[in-house]
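Reading the structure
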Amino acid sequence: MASEKMTICIVSDTNYPELVLDVGKVTLGEKNRKKMRDSQLRKKQNESLSKCVITLLNSGGGMSKIEIENEDYSYEKDGIGLDLEHSLADMVPIVHKYFDFMKQGKYFLIFVKSWSSKIPGMKIATLSSNLYKRDITSVKVMNAMVALEFLKDRIETRERFSLTLKSPSKRCREESSTKALASDFFNRTQLRYREKLTFTESTYVEIKDFSTQKLLQRIKEILPQNVSAFANTRGGYLFIGLSEEKQEVIGFKAEKSDLDKLEREIEKCISKLPVYHFCTEKKKINYLCKFLEVYDEESLCGYVCMLKIEPFCCAVFAKNPDSWHVEDNEVTQLSVEEWVQLMMDPGPDFSRLFEEMKPQRSMLSPIPYDWSVDKVPSEKVTYIPEILYKRLFSQHEGLAQLIREEMGSVHQGTLIFSKSWSLDLDLQENQSVICDALLISQDRPPVLYTFLRELNEELKGYSIQTALTLKKKLVKIGGYTGKVCVMTKIYWSEESSTSTEGSARLLYDSGLSAIYPKSYTLITSQTMNDLKKALFIVLKTLGTLSNEFDSEIFQHLLSNQHGLLSEE
Ligand SMILES: [Zn+2]
């Protein structure tokens, strides 16, 4: 399936440890958007923004960066604009749960939280499923919820709606009677001009009266939705050249050669529709195309085009679902296969996963350890793993001093050391790095500290990349569903070769340049626990926790301060 490439680009030069997507210029504010003369441009801006936000929802969250087109824009006075608001609101169940807005100079930023749904499945956000259904006489696109129901239903009900209908009783008129009448009509050999129809539109019948001039174009426009809707519902007939209003045969004028061309185009159009199969037969869309001659008195005055579409075994799309994600550093549209698989995947049950991952009781210390007595250098912050930080502190005296100062203002938290967090997260290691430490504490977002052996400006990128990856994994692997940002701080230490004593200097602090909305920086004890839980799942899943540290980290991430274990 060809994936549509998009013009939205990934911003690589950013101080934010986030996926940042550049939407380009957008006019903001309700009054200004209403005043826009170019309605196509207005629509395009809205579409770009929607695609961008959907991509972020599906890629672990991030920021969309909009360059404000209109001058003198004030977020407080002008707002965002109704059409944009509606598009944003249609994507998620609760707007403020997912989006935060912030104006920074000439840019407008939308902070997007990663998509998370309480509904099993629905692991992705979608602008339009492009799966259609017939609701009596109207053709409607299924929203994500309905699409999910539909797909599940297609797996469960193996026996398909039978095509062979019992002939309806003369006195009872059901909808199936219109189908039988439409079928009789389909089997006619010719029609009379202005002949009255015996049936009207129903679940099984769609009638169109197109003028000849744009016939082919109009048919190509309506065919994908209509074929998808009939095939996904119960099959049926599409008649072109009948008047629905007057309930009579009109026909369109055409040459024989036009009809051949029309038939070829219809075939091309239907064969291009994306389908997804759950069955083993994997049949194609089954349809019949017929042209009936229309006679006025004795002379041929036009044609009626008739399509009979059989109910489909699985799912027929009008086109690929409108859902995007970042893949190989590029914004890419999901294929039908990827989309259905993501929609149907129930995903891991994180609370069960967590229970299964807990170390065996015997591995934990028999008596709850009072870490605050002698093991912990600070009363408020727990350092783990013990062997590692003690070794690091003994090798780099400056480090111990620095950490003590850094942790001075921290109210309560856990500082998790690693030889290299980037390695723990399956990224490239860097030799200039002495160690990393991740602080998870209350009242501030997690901070990733990187300690360098030497001054290396390039490592700003390294640290941002590590923080970004960590954030993504907390969400995607660890099942963290709240808003989160991971701040970065880089220190380098001037150590001489003879002495371990040295003074550490701050090289970079993302907290100074990457400004976040308040909802990202407020970490309550609840969110802190959720973060620790997610982190434990990430480390266990990636297999980077050595057995040596396993139970120690577990105890500290999850048990000691908040009594998760003692509650049992
Ligand atoms: Zn099938």
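Described below are features of the structure shown in this document. Residue indices follow the written sequence of each chain, beginning from 1 at its first position. Note on the predicted model: pLDDT of at least 70 is required for a residue's local features to be given, and 80 or more for side-chain atom pairs to be given and counted; whole-chain, interface and lining totals, by contrast, use all residues. Only hydrogens and water are set aside; all other atoms, that is, all heavy atoms of the structure, feed into the side-chain values.

This paragraph deals with the pattern of salt bridges. Salt bridges are defined by distance alone: a side-chain nitrogen of Lys or Arg within 4 Å of a carboxyl oxygen of Asp or Glu. Taken as a whole, this structure holds 18 salt bridges when the rule is applied. For R33, the salt bridge identified is with D83, shortest N-O distance 2.7 Å. Residue R33 is found in helix α1 (residues 30-35), and its partner D83 is found in helix α4 (residues 82-91); the two are separated by 50 residues along the sequence. Judged by relative accessible area, D83 falls into the buried class, the value being 16%. Each of R33, R42 and D83 takes part in one network of salt bridges that share partners. Put simply, DSSP H or I for four residues or longer makes a helix, DSSP E for two residues or longer makes a strand, and each gets a number counted from the N terminus. Partly exposed describes any residue whose relative accessible area lies between the buried limit of under 20% and the exposed limit of over 50%, with all areas from a 1.4 Å probe on protein chains only and scaled to the type maximum.

Below, the discussion takes up the environment of L459. Turning to its location among the elements, L459 is positioned in helix α15 (residues 459-476). The spatial distance from the C-alpha of L459 to the C-alpha of Y508 is 9.4 Å, given a sequence separation of 49 residues. Working rule for contacts: check all heavy atoms of both residues, and any pair within 4.5 Å makes them a contact. For L459, the residues in contact, after removing those within four places along its chain, are N430, S432, V433, L452 and I490.

Donor atoms from the polypeptide that coordinate the zinc ion comprise H277 (ND1), C279 (SG), C313 (SG) and C314 (SG), at 2.1 to 2.4 Å from the metal. Donors, by definition, are the N, O and S atoms found within 2.8 Å of a metal, the threshold being 3.2 Å for Na, K and Ca, and water is not counted, so a site can look incomplete. For four-coordinate sites, all angles between 85 and 135 degrees define a tetrahedron; for four- and six-coordinate sites, opposite donors beyond 155 degrees with the remaining angles between 65 and 115 define square planar and octahedral shapes respectively, and all other cases count as irregular. One way to put it: the 4 donor atoms around the zinc ion meet at angles of 99 to 116 degrees, and that makes the site tetrahedral.

Quick look at helix α18 (residues 525-542) now. Expected span of a helix: the number of residues minus one, times 1.5 Å. In a regular helix each residue adds 1.5 Å, so 18 residues correspond to 26 Å; α18 covers 26 Å between its end C-alpha atoms and thus fits that length. If you check which residues of α18 are buried, you get M528, N529, L531, K532, A534, L535, F536, I537, V538 and L539. Of the residues trailing α18, G543 is marked for its positive phi of about 70 degrees.

Here, a strand pair is defined by DSSP locating no fewer than two bridges between the strands. Taken together, the 5 strands give an open sheet; going across it, the order is β8-β14-β15-β10-β9, and neighbouring strands pair in mixed fashion. Pairing within the sheet leaves two strands with one partner each, and these edge strands are β8 (190-192) and β9 (205-208). Strand-to-strand twist of the sheet, defined as the mean angle between neighbouring strand axes without regard to direction, takes the value 25 degrees. With 3 bridges connecting them, β8 and strand β14 (residues 287-296) associate as parallel partners. Paired with Q190 across the bridge in β14 is E293. Only the stretch in contact is used when a helix axis is fitted, and all axes are lines through C-alpha atoms; the angle between N-to-C directions ranges over 0 to 180 degrees. Helix-sheet contacts for helix α8 (residues 215-232) involve β9, β10 (236-240) and β15 (299-309), and the interaxial angle to β10 is about 170 degrees. Helix-sheet contacts for helix α9 (residues 256-271) involve β14 and β15, and the interaxial angle to β14 is about 155 degrees.

So, on to the sheet that holds strand β5 (residues 107-112). Within the open sheet, the 5 strands sit side by side as β1-β2-β3-β5-β4. Their pairing is mixed. In this open sheet, the two edge strands, each paired with only one partner strand, are β1 (9-10) and β4 (99-104). Here strand β3 (residues 62-68) pairs with β5 via 6 bridges, running antiparallel. Looking at the pairing, S64 lines up with I110 of β5. Against the sheet, helix α2 (residues 39-58) touches β2 (20-26), β3, β4 and β5, its axis set at about 170 degrees to β2.

A few words on the side chain of Q333. Counting through the fold element by element, Q333 comes out in strand β18 (residues 330-333). Polar contacts, as used here, are pairs of N or O atoms within 3.5 Å; protein pairs need one atom able to donate a hydrogen and one able to accept it. Residues neighboring in sequence count only if both atoms are side-chain atoms. Here the side chain of Q333 touches P321 through a polar contact of 2.8 Å, landing on its backbone oxygen.

Stacked, tilted and edge-to-face pairs are distinguished by plane angle, under 30 degrees for stacked and over 60 for edge-to-face with tilted covering the rest, among Phe, Tyr and Trp rings (Trp via its six-membered ring) whose centres lie within 6.5 Å. For the structure shown, the criterion picks out 25 aromatic pairs. With centroids separated by 5.5 Å and ring planes inclined at 50 degrees, the aromatic side chains of F186 and Y237 adopt a geometry described as tilted. Here F186 is found in helix α7 (residues 175-186), whereas its partner Y237 is found in strand β10, with 51 residues between them in sequence. Since its relative accessible area comes to 3%, F186 is described here as buried. Through pairs of rings, three or more aromatic residues link up here, namely F185, F186, F199, Y237 and F239.

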